[in-house]
Amino acid sequence: MSVTSQTVNSAHDQFSSELVDRCNQIDLRRIGSVQPHGAVIVISADDRRVMAVSAQVDRFIEELSPSRCGCAASEVLGLNELFGALGDGGYQDSTGSSRRVDTFFRGRWLSVSLDEDTPAGWLLLTIELSEDARVAPGVVARHQAAIVESSDATNLWREAVRAFADITQFDRVLLYRFLPDWSGEVVAEECLGFPERYLHLRFPASDLPSSARAMYRSSRVRSIGDSFADPVPVIAQEGGGGVQFDLSASPARSVAETHRVYLRNMGVSASVSFPIQRGSDLWGLIACHHRSPRVLPHHVRQIGIELAGLISSQLLGFDAAIRMEVIHNSAHLLDRALGKILDFDALRSDDDLKSRLMSWCDGEGFAFFDGTDWRSIGAVPDEMALMAVRDIALADRSADGVIAVDDLSRFLGMEVPSSAAGMLAVVVGGGVCAWFRPEVTGQIAWAGKPDAWGGIGPEDGLLRPRHSFSRWVEERRGHSAPWTEFDRHKGVVWRAAFVRRFSIPSATW
């Protein structure tokens, strides 16, 4: 059922911001517990003694328990057997600091990993109950070929969710793309086991705060075996409290309670997610959901990691192709515009060039800060707003030097005319070039009301995410049409041509 609302008001924005701040204060690396399908053993790197274990470690190695913390690892038969399995098979990451293996151990299939934290001086051994799942090499090769042969981004996204659905056999696979404000949009979906559909719906940035995004930048996979199961503490001695070791490398590391509740509210028990990078940037996520508990073995997760890397490579390839297209189609315009930009009166008197320059990024206004003053054509904000743009743009340290916003009033914290609701700005040395777009009223479909957090639990003080993920429609005002990747590439190409034309050696005018 669809509900329509006006733009989320400032009180709700403030409340959501406070909740996000609370989320970001949680140190996900030192959460002090593991998921109950697994166990961890912390071992000192120098003398190989057991420093800490998760409380239920004896489910996996019956001769080991918290009471044996301090013993030599070599005294524990089960540890010797698992170290042998890691040495005999599995695979090692590119840094040499992690090993992974799937093995049949004492009557059960386990996924075992060993990660070394050299600065801290300890080893992290993780044991997980997993499946005896097998993926035929021909299946992987077929999906790899389909991804590589994708002719455009939409086709790539479609092939990506098909591949992950086939390989993981999870009930639903979503490809989730981050937008400039860190909200996200589901751009592709493969769904067999859930009645809900999220294709083309958005999720607010508060659903994945910066602390969680930071973890995705350093971890290539995140697995949750059962969101309904309680975590198990890691302790250094029997009856001890939680030990705050950095567990970020452990595949069985527990997750924040808020995230577990969030998944439960979606009807999701098991989840496995793979970050999609574009260069050094976090572009999006492949999120696989299952209605019942599941843990994929390491070799299946590794296939997912490799497919995610292949998708990332394809995205970079599409970026390069788009950039070449922009350069090819814009060469004449760039030459004419840059030839007159330092003589702005001459540019103003050229009606054809003015029109082409403003419409190049589908804008209706263009302004240029030459290091001293702003010069403009078409519909642009007032002088005060332009000076705020200058200050923000010149302080920007992004790699591409491009700032694209579709809600300029909120971005600047001041009112701007509806004729200049959106802006794409390019830093060129000590100058700034900016295109402006008018307001476009329209609707955005969200997966649940974006500000409908449940608040803070009165008993435990934990954050409570929203309960509903049903389609909710926002009537949006004060926004321009969104800036696309194609538009951003135009900004990058303009900046490169400008710097080259005027031989700007550094960020000084």
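Before reading on, note that the structure itself is shown above.
In what follows, the accompanying structure is described.

**Topic: the overall build of the chain**
And then number 1: The helix and strand tally for the chain stands at 12 helices and 24 strands.
And then number 2: Buried positions account for 51% of the 509 residues belonging to the chain.
And then number 3: Contacts in the chain between residues far apart in sequence, at least 24 positions, make up 64% of those at least 6 positions apart.
And then number 4: Accessible surface for the chain amounts to roughly 22400 Å². Of this, 51% is attributable to carbon and sulfur atoms.

**Re the environment of Ala73**
And then number 1: Along the chain, the position of Ala73 falls in the loop between strand S4 (50-54) and helix H2 (77-88).
And then number 2: C-alpha separation for the pair Ala73 and Arg48, spaced 25 residues apart in sequence, amounts to 5.8 Å.
And then number 3: The residues contacting Ala73, other than those within four sequence positions of it, are Ile43, Arg48, Arg49, Val50, Leu79 and Asn80.

**Looking at the environment of Glu81**
And then number 1: Examined against the element boundaries, Glu81 turns out to sit in helix H2.
And then number 2: On the accessibility criterion, Glu81 (34% relative accessible area) is partly exposed.
And then number 3: With sequence-adjacent residues up to four places away left out, Glu81 is seen in contact with Phe105 and Arg106.

**A short note on the nonpolar core**
And then number 1: Ranked by size, the top nonpolar core spans 33 residues in total, and within it Phe164, Leu175, Phe274, Ile276, Ile286, Cys288 and Ile311 carry the most contacts.
And then number 2: If you look at the next biggest cluster of nonpolar residues, it comprises 29 residues, including Met358, Phe366, Phe368 and Ala497.

**Description of the sheet that holds strand S5 (residues 91-92)**
And then number 1: Across the sheet, 8 strands lie side by side as S2-S13-S4-S3-S8-S7-S6-S5; this open sheet has antiparallel pairing. Of all strands in the sheet, those bounded by a partner on one side alone are strand S2 (33-34) and S5.
And then number 2: Across 2 bridges, the pairing between S4 and strand S13 (residues 232-235) is antiparallel. Pairing of Ser54 across the sheet is with Val234, part of S13.
And then number 3: H2 rests against strand S3 (38-44), S4, strand S6 (98-105), strand S7 (108-117) and strand S8 (122-129) of the sheet, and its axis sits at about 115° to S6.

**With respect to helix H12 (residues 485-501)**
Along an α-helix, residues three or four positions apart point the same way, because every turn accommodates 3.6 residues.
And then number 1: Its 17 residues place the ends of H12 24 Å apart at the C-alpha level, agreeing with the 24 Å of an ideal helix rising 1.5 Å per residue.
And then number 2: Those residues of H12 lying buried are Asp487, Arg488, His489, Lys490, Gly491, Val492, Val493, Trp494, Ala497 and Phe498.
And then number 3: For H12, the elements touching its buried residues are helix H7 (298-340), helix H9 (351-359), strand S16 (365-369), strand S18 (402-405), strand S19 (422-428) and strand S20 (431-437).
And then number 4: Downstream of H12 by a residue or two, Ser503 has a phi angle that is positive, lying close to 50°.

**Comments concerning the pairing of strand S9 (residues 172-178)**
Along a regular strand, successive side chains alternate from one face of the sheet to the other.
And then number 1: Taking burial as the measure, the 7 residues of S9 include 6 buried ones, the bulk of the element.
And then number 2: Two elements, S9 and strand S10 (residues 184-191), share 7 bridges in a ladder whose sense is antiparallel. Residue Leu175 lies in a different strand from S10, and its bridge partner there is Ala188.
And then number 3: Between S9 and S10, which pair antiparallel and follow one another directly, the connecting turn spans 5 residues, one of which, Trp182, has a positive phi of 70°.
And then number 4: The pairing of S9 with strand S15 (residues 281-290) spans 6 bridges and is classified as antiparallel. The residue bridging Arg177 from the neighbouring strand is Gly284, located in S15.

**Observations regarding the side chain of Ser480**
And then number 1: Turning to its location among the elements, Ser480 is positioned in the loop between strand S24 (471-476) and H12.
And then number 2: Judged by its relative accessible area of 5%, Ser480 falls in the buried class.
And then number 3: Ser480 has contacts with Val405, Asp406, Ala421, Gly422, Arg437, Pro438, Glu439 and Val440, leaving out every residue within four places of it along the chain.

**Points about the packing of aromatic side chains**
The way to describe two aromatic rings as a pair is by their centre distance and the angle between their planes.
And then number 1: Applying the stated criterion to the full structure yields 18 aromatic pairs.
And then number 2: Measuring from centroid to centroid gives 6.1 Å for Trp157 and Trp283, while their planes differ by 40°, and the two rings are tilted. One end of the pair, Trp157, is in helix H4 (residues 153-168); the other, Trp283, is in strand S15, with 126 residues separating them in the sequence. Comparing Trp157 with Trp283, the two get one shared label, buried.

**Observations concerning the pattern of salt bridges**
And then number 1: Under the criterion given, the structure shown has 29 salt bridges.
And then number 2: Across the pair Asp115 and Arg100 runs a salt bridge, and its minimum N-O distance is 3.1 Å. Highlighted residues: Asp115 in strand S7 and Arg100 in strand S6, separated in sequence by 15 residues. Exposure class is identical for Asp115 and Arg100. Each is buried.
And then number 3: Connected via shared salt-bridge partners are Arg336, Lys340, Asp350, Asp352 and Arg356.

Quick notes on the rules
Residues numbered from 1 in each chain as written. Predicted model: local features only at pLDDT ≥ 70, side-chain atom pairs only at ≥ 80, totals over all residues. Heavy atoms only, no water. Helix = DSSP H or I, 4+ residues; strand = E, 2+ residues; numbered from the N terminus. Buried < 20%, exposed > 50% of the residue type's maximum accessible area, 1.4 Å probe, protein only. Contact = heavy atoms within 4.5 Å. Areas by Shrake-Rupley, 256 points an atom, 1.4 Å probe, with all protein chains shown as cover. Core = buried A, V, L, I, M, F, W, Y, C linked by side-chain atoms within 4.5 Å. Pairing = 2+ DSSP bridges. Axes fitted to C-alpha atoms, helices over the stretch in contact; angles between N-to-C directions. Expected span 1.5 Å × (residues − 1). Phe/Tyr/Trp six-rings, centres within 6.5 Å; stacked < 30°, edge-to-face > 60°. Salt bridge = Lys/Arg side-chain N within 4 Å of Asp/Glu carboxyl O.

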